[in-house]
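# Fold and contact review
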Amino acid sequence: MIYLSHFEFPDGDREFDFLLAIKRKCYDTFYPFQVLSKHALHMLDFEPVTILYGGNGSGKTTALNVIAEKLGLDRDTLYNRSNFFEDYTRLCSYETEQEIPKESRIITSDDVFDFMLNLRSINDGIDTKREDLFDEYLNAKYSKFQMKSLDDYEQLKKVTMARSNTQSKYVRKNLMDNVREHSNGESAFIYFADKIKEKALYLLDEPENSLSPARQQELLKFIEDSARFFGCQFIISTHSPFLLSMKGAKIYDMDEDVVDVKHWSELPNVRIYYDFFKKHEKEFE
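Residues numbered from 1 in each chain as written. Predicted model: local features only at pLDDT ≥ 70, side-chain atom pairs only at ≥ 80, totals over all residues. Heavy atoms only, no water.

### Examining the overall build of the protein chain
- The number of helices and strands found in the protein chain is 10 helices and nine strands.
- Looking at the protein chain residue by residue over its 285 residues, the buried ones come to 41%.
- Carbon and sulfur atoms provide 50% of the accessible area of the protein chain, an area that totals close to 16600 Å². (Helix = DSSP H or I, 4+ residues; strand = E, 2+ residues; numbered from the N terminus. Buried < 20%, exposed > 50% of the residue type's maximum accessible area, 1.4 Å probe, protein only. Areas by Shrake-Rupley, 256 points an atom, 1.4 Å probe, with all protein chains shown as cover.)

Laid out in structure tokens, this is it:
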């Protein structure tokens, strides 16, 4: 499925005209101006899955943030937004093949990281409560409690429950359902599975962060299936060789002086992996 067919960024000449018209010259940066134009990136044409490949500073994250801002996509966390961001996006344009669904969103590594921190915080709170309940159980079970008034009714219930249950049952009955504790990779994958629904456009910024190679391959299959069977379109920034190998993906090499489309096996990052394992090939036999 293709919702967003292409997106145009201002070229070097339009950027120059805008910057020349600025009367105040005291700014340290004009970001996002002069980032994408360094590599002569003017327009991106999109397929059901389009990948922006490149190293740090190549502009792939900037491109995603600009597209998301221009389209008004939902996002969970803030991003690097300079004084000139609105001016820049105003100079951008795009065309669609179909109306972009409301459920569309951008998902960044910051979103995933915040989700994992929140999940960890919840689990830490539950662990603390669990320890308190262990102590409460022992105090209630072996106390010489006598009810003297209705004010003692709640304590009576605790004593009765403690004396009629094992410690583990007492804790389970008094504790909120525990949130399953996951590794960072499991939590990150859960986040993607929860946020990515049917029939929508998704911008993913380096989704491989926090994912093991095995989990990256699971995400690869999940994205392929979502694009093929569930009407989703993806624009992904990544340098993961696993995600770059995605079937049918159109890959833009953002490291080239003039951004160009390449096959995943031609990309320098992938070639490094290939050369390394080729060098040690006999050790795997």
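### Quick word on the pairing of strand β6 (residues 201-205)
- In terms of burial, β6 is largely enclosed, as five of its five residues are buried.
- Side chains of β6 alternate between two faces, with Leu 201, Leu 203 and Asp 205 and Tyr 202 and Leu 204 buried alike.
- With three bridges joining them, strand β5 (residues 105-107) and β6 adopt parallel strand pairing. Counted as the bridge partner of Ile 107 is Leu 204 from β6.
- Two strands pair when backbone bridges link them, and β6 and strand β7 (residues 233-237) are joined in this way by five bridges, in the parallel orientation. Across the sheet, residue Leu 203 finds its bridge partner in β7, namely Ile 235.
- The parallel pair β6 and β7 is bridged by helix α8 (residues 213-229), and the resulting crossover is right-handed. (Pairing = 2+ DSSP bridges. Right-handed = clockwise from strand over helix to strand, strands pointing away.)

### Comments concerning the pattern of salt bridges
- Enumeration according to the criterion identifies nine salt bridges in this entry.
- A salt bridge links Asp 87 to Arg 90; the shortest N-O distance between them is 3.0 Å. Remark: Arg 90 and Asp 87 occur in helix α3 (residues 85-90); sequence separation between them is three residues, near one turn of the helix.
- For Lys 262, the salt bridge is made with Asp 253, and the minimal N-O distance between the two is 2.9 Å.
- Take Lys 262: its relative accessible area is 19%, and that puts it in the buried class.
- One network of salt bridges, with partners in common, ties together Asp 76, Arg 105 and Lys 195. (Salt bridge = Lys/Arg side-chain N within 4 Å of Asp/Glu carboxyl O.)

### Looking at unusual backbone geometry
- Omega for the peptide link from Tyr 31 to Pro 32 comes to 5°, which places this bond in the cis form.
- At Gln 34, a position not held by glycine, the phi torsion is positive, near 70°.
- Along the chain, the position of Gln 34 falls in the loop between α1 (12-21) and β2 (43-45).
- A positive phi is found at Ala 40, a non-glycine position, where the angle reads about 55°.
- Relative to the elements of secondary structure, Ala 40 occurs in the loop between α1 and β2.
- We classify Ala 40 as partly exposed; its relative accessible area is 45%.

### Some details on the nonpolar core
- Counting 35 residues, the largest nonpolar core has Phe 9, Leu 36, Leu 44, Ile 67, Leu 201 and Leu 203 as its most contacted members.
- When residues of this core are traced back to their parent elements, those giving at least two are β1 (4-8), α2 (60-71), α3 and β6.
- Apart from the residues within four sequence positions on either side, Leu 201 is in contact with Tyr 3, Leu 4, Leu 71, Ile 100, Pro 101, Ser 104, Arg 105, Gln 233 and Ile 235.
- Listed in part, the 28 residues of the second largest apolar core include Leu 211, Leu 220, Leu 243 and Val 270. (Core = buried A, V, L, I, M, F, W, Y, C linked by side-chain atoms within 4.5 Å. Contact = heavy atoms within 4.5 Å.)

### Considerations on the side chain of Lys 250
- Take Lys 250: it is sitting in strand β8 (residues 250-253).
- No salt bridge is formed by the buried Lys 250; the nearest opposite charge belongs to Glu 47, separated by 4.6 Å.
- Polar contacts involving the side chain of Lys 250 include one to the main-chain carbonyl oxygen of Asp 45, which spans 3.5 Å.
- One polar contact links Lys 250 to Tyr 252, side chain to side chain, over a distance of 3.4 Å.
- With sequence-adjacent residues up to four places away left out, Lys 250 is seen in contact with Asp 45, Glu 47, Val 49, Thr 50, Ile 51 and Val 261. (Lys, Arg positive; Asp, Glu negative; His and termini not counted. Polar contact = N/O pair within 3.5 Å; in protein donor to acceptor, adjacent residues only side chain to side chain.)

The analysis is restricted to geometry; functional conclusions fall outside its scope.
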